[in-house]
Every structure is written in structure tokens, then in C-alpha cells.
Amino acid sequence: SPHHPALSSYLSSRHRNELFAPDADVLLHNSASFLQRQAVLDANASLLAAHLFAAGVSDPSSPVTLVQHPSVPPSSSSKPFYDAHLRLPAPEHPSPGHGCLLTVEFEDVGSARVFHDACGFYPSPHLGAHVTVQFAYNMATYGKRPGDREPMRRCGVKEESVRISVGLED
């Protein structure tokens, strides 16, 4: 970038290293198997998205109205855009996928709450954990103030959603 020298100088003058040595050791250890773990996360997310789509969206009696992941409809129509930005294949991860994050939308907030409370995933806002975690992100974040809910809905951010970050479980 033509802005690199100025930005680099600016950021270097203000950087404070707050990374503790034990944290750095864990990061270094985890980076050694990142691509292998990412392959499992990609596969698990595609499988879970397909399961939720088949058991939910495809069943008219289900409260699931949408599963958002590039591997299932209608998100699959935008899959070429995701594919254009995939990680390049590597020996440790020859078939890069679309990541571990997916969103499940329900017909109402009550159904989303029942799913969130009963499905057995760990409730957490963390992403990319070794275990599957879920977060009622939109319920927790938006719509708390009277004027917030409707503008967010127009952008597709719905209270009736549960986000899932799929883990490494079998």
C-alpha cells in the first residue's frame, strides 16, 4: 500500500506489547496444527448446516426458517462470492471450506430461545473454539433500545437468530 510507511510508523510509535509469554506459547502451539483443525471445522460446519437445513427449513412443521452458511440454500446462491475469497489449498488443507460460523433463524424469538437453551452447545460469544459454541447474538446485542430493532431488521439482523461456531467434536 502507498500508505504503508506512514501507517507503519504511526502504529509502531503507539504499540505496547501486552502479550504474555504463556499466551504466546499457546498461540505458537496452536498455530502448528491450524490448517488441520480448520479442515475439521469446515467439514463439521457444512455437516451441521446440512442437517439443520434438512431437519428444519425443509420441514414445514419446523420453526427453523433459514440456515445461513454458503453450503446450503439460499446462501448457496452467493457461494461463488465466498469461493472467490477462499484460502488457497495447502497440503494440510487441500480443500478449503467456508469456515465454522453459521446462523440459524427461527419463526419467533420463543423458538430461538428454546433451541438456544436446549440444544446442548456451550453458550459463549467466542468464535473458533475447539468445542461448538452458540450465541443468541442478535437477541443479546440489538433491540434493547426502542429505536434499534426496526433498523437492524431491515438490514437482516433478527432477534430470532442463534449463531453457532462449530467445533472439533466428532
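Residues numbered from 1 in each chain as written. Predicted model: local features only at pLDDT ≥ 70, side-chain atom pairs only at ≥ 80, totals over all residues. Heavy atoms only, no water.

Engineer: Sorry, what's going on with helix α5 (residues 109-118) here?
Structural biologist: Along α5, the positions that sit buried rather than exposed are V109, S111, A112, F115 and H116. Taken around the axis of α5, the buried residues stretch over an arc of 160 degrees, which confines them to a single face. Exposed and facing more than 90 degrees away from the buried side of α5 are V114, D117 and A118. Its side-chain oxygen placed 3.2 Å from the backbone nitrogen of G110, D108 serves as the N-cap of α5. (Buried < 20%, exposed > 50% of the residue type's maximum accessible area, 1.4 Å probe, protein only. Helix = DSSP H or I, 4+ residues; strand = E, 2+ residues; numbered from the N terminus. Arc of directions from axis to C-beta. Polar contact = N/O pair within 3.5 Å; in protein donor to acceptor, adjacent residues only side chain to side chain.)

Engineer: It is not clear to me how the pattern of salt bridges should be interpreted in this structure. Could you clarify?
Structural biologist: Pairing between side chains of opposite charge can happen when their charged atoms approach one another. Under the definition given, this model contains four salt bridges. With its nearest N and O atoms 2.9 Å apart, the salt bridge here joins D83 to K79. Within this pair, D83 and its partner K79 are both found in helix α4 (residues 79-83), separated by four residues, close to a single helical turn. Exposure remark for K79: the relative accessible area of 29% places this residue in the partly exposed category. Residues K158 and E105 are paired through a salt bridge, measuring 3.3 Å at the closest nitrogen-oxygen approach. In this pair, K158 sits in the loop between α7 (149-154) and β5 (161-165) while E105 sits in strand β2 (residues 101-106), placing the two residues 53 residues apart along the sequence. Relative accessible area serves as the criterion here: at 27%, K158 is assigned to the partly exposed category. (Salt bridge = Lys/Arg side-chain N within 4 Å of Asp/Glu carboxyl O.)

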